[in-house]
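For reference, the chains in residue letters:
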Amino acid sequence: MKLLVGLGNPGPEYNFTRHNFGFLTLDFYAKIKYLTWQKPKFNAIWLKTSDQIWIKPQTFYNNSGQSVQAFMRFYKISPQDILVICDDFDLNFGTLRYRAKGTSGGNNGLKSITDTIHTTDFPRLRLGSNNPTIRQKTGDINFVLGKFTPDEKSQLPTILQDAVHRIQEVLN
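A.B. asks: Which residues make up the packing of helix 2 (residues 65-75) against helix 3 (residues 108-117), and what values go with them?
C.D. replies: It is the contact of helix 2 with helix 3, at a shortest axis distance of 8 Å, that shows an interaxial angle of 45°. When the axis of helix 2 is compared with that of helix 3, the two are oblique. Helix 2 and helix 3 meet at a crossing whose hand is right-handed. Between helix 2 and helix 3, the residues in contact are Gly65, Gln66, Val68, Gln69 and Met72 and Ser112, Ile113, Thr116 and Ile117, respectively.

A.B. asks: Describe in detail the nonpolar core, supporting the description with residues and values.
C.D. replies: Counting 23 residues, the largest nonpolar core has Leu4, Phe21, Tyr29, Trp54, Ile85, Leu156 and Ile167 as its most contacted members. Of all the secondary structure elements, the ones that give two or more residues to this core are helix 1 (21-32), strand 5 (82-92), strand 7 (124-130) and helix 6 (150-171). At seven residues, helix 6 tops the list of elements feeding residues into this core. Ile167 has contacts with Leu4, Thr25, Tyr29, Leu83, Ile85 and Leu125, leaving out every residue within four places of it along the chain. Membership of the second largest hydrophobic core comes to 20 residues, among which are Ile53, Phe71, Ile82 and Ile117.

A.B. asks: Any details on the sheet that holds strand 4 (residues 52-57)? Residues and values, ideally.
C.D. replies: With respect to topology, seven strands assemble into an open sheet ordered 2-3-4-1-5-7-6, the strand pairing being mixed. At either margin of the open sheet sits one strand with a lone partner, and together these are strand 2 (38-41) and strand 6 (96-99). On average, adjacent strands in this sheet sit at an angle of 30° to one another, irrespective of strand direction. The strands that helix 3 touches are strand 5 and strand 7; relative to strand 5, the one it contacts most, it runs at about 145°.

A.B. asks: I'd like to hear about the pairing of strand 4, residue by residue, with values.
C.D. replies: Buried residues dominate strand 4, accounting for six of its six residues. Burial along strand 4 is two-sided: Gln52, Trp54 and Lys56 and Ile53, Ile55 and Pro57, pointing in opposite directions, are all buried. Pairing of strand 3 (residues 44-48) with strand 4, which is carried by five bridges, proceeds in the antiparallel orientation. The partner of Leu47 across the bridge, within strand 4, is Trp54. Between strand 3 and strand 4, which follow one another and run antiparallel, lie three residues.

A.B. asks: Describe the pairing of strand 2, listing the residues and the values that go with them.
C.D. replies: Where strand 2 and strand 3 come together, two bridges link them in antiparallel fashion. Counted as the bridge partner of Gln38 is Trp46 from strand 3. Between the antiparallel neighbours strand 2 and strand 3 lie two residues, among them Phe42 with a positive phi of about 50°.

A.B. asks: Can you break down the pattern of salt bridges residue by residue, with the values?
C.D. replies: Side chains carrying opposite charge are able to pair once their charged atoms draw close together. Applying the stated criterion across every chain, the model contains eight salt bridges. Notably, a salt bridge pairs Arg135 with Asp90, separated by 3.3 Å at the nearest N-O pair. Residue Arg135 is located in helix 4 (residues 132-138), and its partner Asp90 is located in strand 5; the two are separated by 45 residues in the primary sequence. The exposure class of Arg135 is buried, given its relative accessible area of 18%. With a shortest N-O distance of 3.0 Å, Lys111 and Asp115 are connected by a salt bridge. Separated by four residues within a single helix, Lys111 and Asp115 lie in helix 3, roughly one turn from each other. The class for Lys111 is partly exposed, based on a relative accessible area of 40%.

A.B. asks: Quick one: what's the story with the side chain of Ser64, residue by residue and with numbers?
C.D. replies: Relative to the helices and strands, Ser64 resides in the loop between strand 4 and helix 2. The residues contacting Ser64, other than those within four sequence positions of it, are Leu7, Pro57, Thr59, Gly109, Ser112 and Ile113.

What counts and what doesn't
Residues numbered from 1 in each chain as written. Predicted model: local features only at pLDDT ≥ 70, side-chain atom pairs only at ≥ 80, totals over all residues. Heavy atoms only, no water. Axes fitted to C-alpha atoms, helices over the stretch in contact; angles between N-to-C directions. Helix = DSSP H or I, 4+ residues; strand = E, 2+ residues; numbered from the N terminus. Parallel < 35°, antiparallel > 145°, perpendicular 65-115°, else oblique. Left-handed = near helix turned anticlockwise from the far one by under 90°. Contact = heavy atoms within 4.5 Å. Core = buried A, V, L, I, M, F, W, Y, C linked by side-chain atoms within 4.5 Å. Buried < 20%, exposed > 50% of the residue type's maximum accessible area, 1.4 Å probe, protein only. Pairing = 2+ DSSP bridges. Salt bridge = Lys/Arg side-chain N within 4 Å of Asp/Glu carboxyl O.

So, in structure tokens, the structure goes:
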């Protein structure tokens, strides 16, 4: 069983914000696979296929580890069978970076997961969200909680398709 975790913040005010790149990716993936999200379980919106569980923790980004740990325990999933999808404001917009394990790199969602499951040995797919001009003007917190620009939004279908392709490669 694989556990796919999209990081983001719950609530409509966070739709199409940089911090919700993980949610957006799983929503896109579910849409093209014709899957429907279920009511919350372990503080996460979730869905299950024959060999995968997908979750969008509803505990807010910085506490994502709580839901991840609960699903891991209930379904007896090892850290190596997790794939976390998150934004990374240190990567250029649209850049994808996969790592089989590693540090949080300053990402509070990854830090929460690491602190909760007590290991850094889980795969992650980072989606670059950096826009240096906006980030410099707004500061890091307002940047990650800020909406994508119209130009960035126009690029999302291609980026999300690339992310889904990369997820499928990792799962296979």
